[in-house]
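Inside the fold
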Amino acid sequence: MKPQPQEQIRKKPLPLEFPGIHYIDEQELEAVTRVIRSRSLFRYYGVDLQKEAESFEAEFAAFLGVKHAVAAGSGTGALSVALSALGVGPGQEIIVPAYLWVSVAAAVVNQGAIPVLADIDDTFGLDPADVERRITKHTAGIIMTHMSGAPGDVAAVQSVARAKGLFLLEDCAQCAGGSVHGRKVGTFGDMAIFSFQMNKNITAGEGGCVVTGDDRLFARAFACHDLGYARDDNGRLIFDDPDLRLWGRGTRLDELRAAVLRVQLRKLPAITAAMRASKYRIRQALARFPQVQLRRMADPAGDTGPFLITTYPDHETARRVNGALRAEGIVTSDQGVSNILMTEWGLHLYYNIASLVKRSSVDRSGFPWTLEANHGLGGEYGKGTCPAADSLFERSILLPIPSCLTPEDEADIIAAFEKVLSACLGG
Ligand SMILES: Cc1ncc(COP(=O)(O)O)c(C=O)c1O
């Protein structure tokens, strides 16, 4: 008798990621309707201003436990605003992690400064020891990204920054609501940024925020996110403050998206709790396979949960496990990230950012790489610059954990892992 083909464990695609999207309901609809009815869509003035952006800033700052928040049009805009507030420019090196998003490098380059890569460790966040090694007399600051939903070793990186007199900017775009031993990410650095683009823990489609505990940095960020000047309580520009005659980045948040974000913020703890619970059920089931390395967590309770990263002894094993899991139906529909080898994770990996590797410019003079002030600054950006990251990327698989997984979905993922790992690794 011919052997029967084995049944695939999962018959229909897993739900798409996009954590906040699954929680959108009548409350967001009511918030948007309120703003439309007011016919006041701009944050500073209108016929019946609801002050949604202002309220979001106050509520987000209170949620984090930080003094100031500036709502922005995107996370990328927020990065530029923060670096402008921090006074970043030519002649400065800014340390950025090997595992990042293209916007981080872009924000540094657009300021005229030079990014310097530092390696990551098994938290998939900056390795504090490597950060220290990459500091030169030109280093002005460190950007730490909390990637794939979980905080890195931010307290150690903060200590390095303090000891060396560097600024620390936390990029929490992928980790809103994350914490380390009860302290929220975004409160460790001199400044922090968030993104509310659709893939993030909460969303209004697009959106961002800059936060800081420092009054001066706040005033500068507020001016820079707008037109470069302060505004009075009626939204009128103030031109006579000599410290706030700056240049604007034009990345204000509108009232519609602010209204949506106020609702999403109230749902953030439930969204992250759902993803975390699903993820840790799966992690627990994987504990019986010692060859599978699980991402080291600075604090599992502060992981927001949107991605499960598993690491294997070598690339070939990771590739086989990934292929076998996909063959078992552990995939989302095509629009999602699905279940990928980390080497397929695009502009999150430093060596995939062609404009960084090739030191690209938008102008003909080669800005900022060819500026006299930047002569001799920076290092290499090609593969091999950060060997720990290279090895982790090659050996790891990234599986999104949607915020709406049912116990049946989780059971399918666990069953597929158990079947595939027993076959590929023995266990
Ligand atoms: C780590 C990181 N930083 C910054 C950003 C930029 O955010 P946005 O897409 O809102 O511009 C993102 C978004 O993907 C991100 O993942």
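Since the model is a prediction, treat every value here as computed from it, not as a measurement. (Residues numbered from 1 in each chain as written. Predicted model: local features only at pLDDT ≥ 70, side-chain atom pairs only at ≥ 80, totals over all residues. Heavy atoms only, no water.)

**Examining the layout of surface pockets**
A water-sized probe rolled over the atoms picks out the places where empty space is left. When its volume is computed, the largest pocket comes out at roughly 500 Å³. For the largest pocket, the lining is made up of 29 residues, of which Trp-101, Gln-174, Gln-197, Lys-200 and His-348 are closest to its centre. If you list the elements that add at least two residues to the lining of the largest pocket, you get helix 3 (75-85), helix 4 (102-110) and strand 8 (191-195). If one sorts the elements of the lining of the largest pocket by residue count, helix 3 sits on top with three residues. When grouped by side-chain class, the residues that make up the lining of the largest pocket number eleven nonpolar, 14 polar and four charged. Lining the lining of the largest pocket are residues from two domains, each supplying at least three of them: domain 1 (22-264 + 358-368) and domain 2 (272-345 + 390-425). For the second largest pocket, the calculated volume is near 340 Å³. If you go around the second largest pocket, you meet 16 residues; those closest to its centre are Tyr-44, Glu-54, Phe-222, Arg-231 and Asp-232. (1 Å grid on protein atoms, 1.4 Å probe; cavity = no way out; pocket = protein on both sides within 12 Å on 5 of 7 lines; lining within 4 Å. Points joined across faces, edges and corners; volume = space filled by probe spheres on them. Helix = DSSP H or I, 4+ residues; strand = E, 2+ residues; numbered from the N terminus. Nonpolar A, V, L, I, M, F, W, Y, C, P; charged D, E, K, R; others polar. Domains from an automatic or database assignment.)

**What about the site of the ligand?**
Neighbouring residues of the ligand: 14 residues in total, closest Gly-75, Thr-76, Asp-171, Ser-195 and Lys-200. Taking Asp-171, its side chain carries an N or O atom lying 2.6 Å from a nitrogen atom of the ligand. Here an oxygen atom of the ligand and a side-chain polar atom of Gln-174 are 2.8 Å apart. Applying the majority rule of atoms within 2 Å of the grid points places the ligand in the largest pocket. Sort the elements by how many residues they give to the shell around the ligand and helix 3 lands first, with three residues. (Near = heavy atom within 4 Å. Polar contact = N/O pair within 3.5 Å; in protein donor to acceptor, adjacent residues only side chain to side chain. Sits in = over half its atoms within 2 Å of the grid points.)

**Observations regarding a nonpolar patch on the surface**
Together, Ile-21, Ile-24 and Met-198 line one region of the surface with nonpolar side chains, adding up to about 220 Å² of accessible area. Following the sequence through the fold, Met-198 ends up in the loop between strand 8 and strand 9 (208-212). Of the residues examined, Met-198 reaches a relative accessible area of 32% and is grouped as partly exposed. (Patch = residues over 30% accessible without salt bridge, like charges linked within 9 Å, V, L, I, M, F, W, Y side chains within 5 Å. Areas by Shrake-Rupley, 256 points an atom, 1.4 Å probe, with all protein chains shown as cover. Salt bridge = Lys/Arg side-chain N within 4 Å of Asp/Glu carboxyl O. Buried < 20%, exposed > 50% of the residue type's maximum accessible area, 1.4 Å probe, protein only.)

**Side note on the packing of aromatic side chains**
All chains considered together, the criterion is met by 15 aromatic pairs. Site record: aromatic cluster; members linked through ring pairs are Phe-56, Phe-60, Phe-63, Phe-194 and Phe-196. The ring of Phe-188 has Arg-183 sitting right over it, with the charged end atom 4.2 Å from the ring centre. Of note, Arg-231 hangs over the ring of Tyr-44, and the distance from its end group to the ring centre comes to 4.0 Å. (Phe/Tyr/Trp six-rings, centres within 6.5 Å; stacked < 30°, edge-to-face > 60°. Lys NZ or Arg CZ within 6 Å of the ring centre and 35° of its normal.)

Bear in mind that shape data such as this cannot, by itself, settle questions of function.
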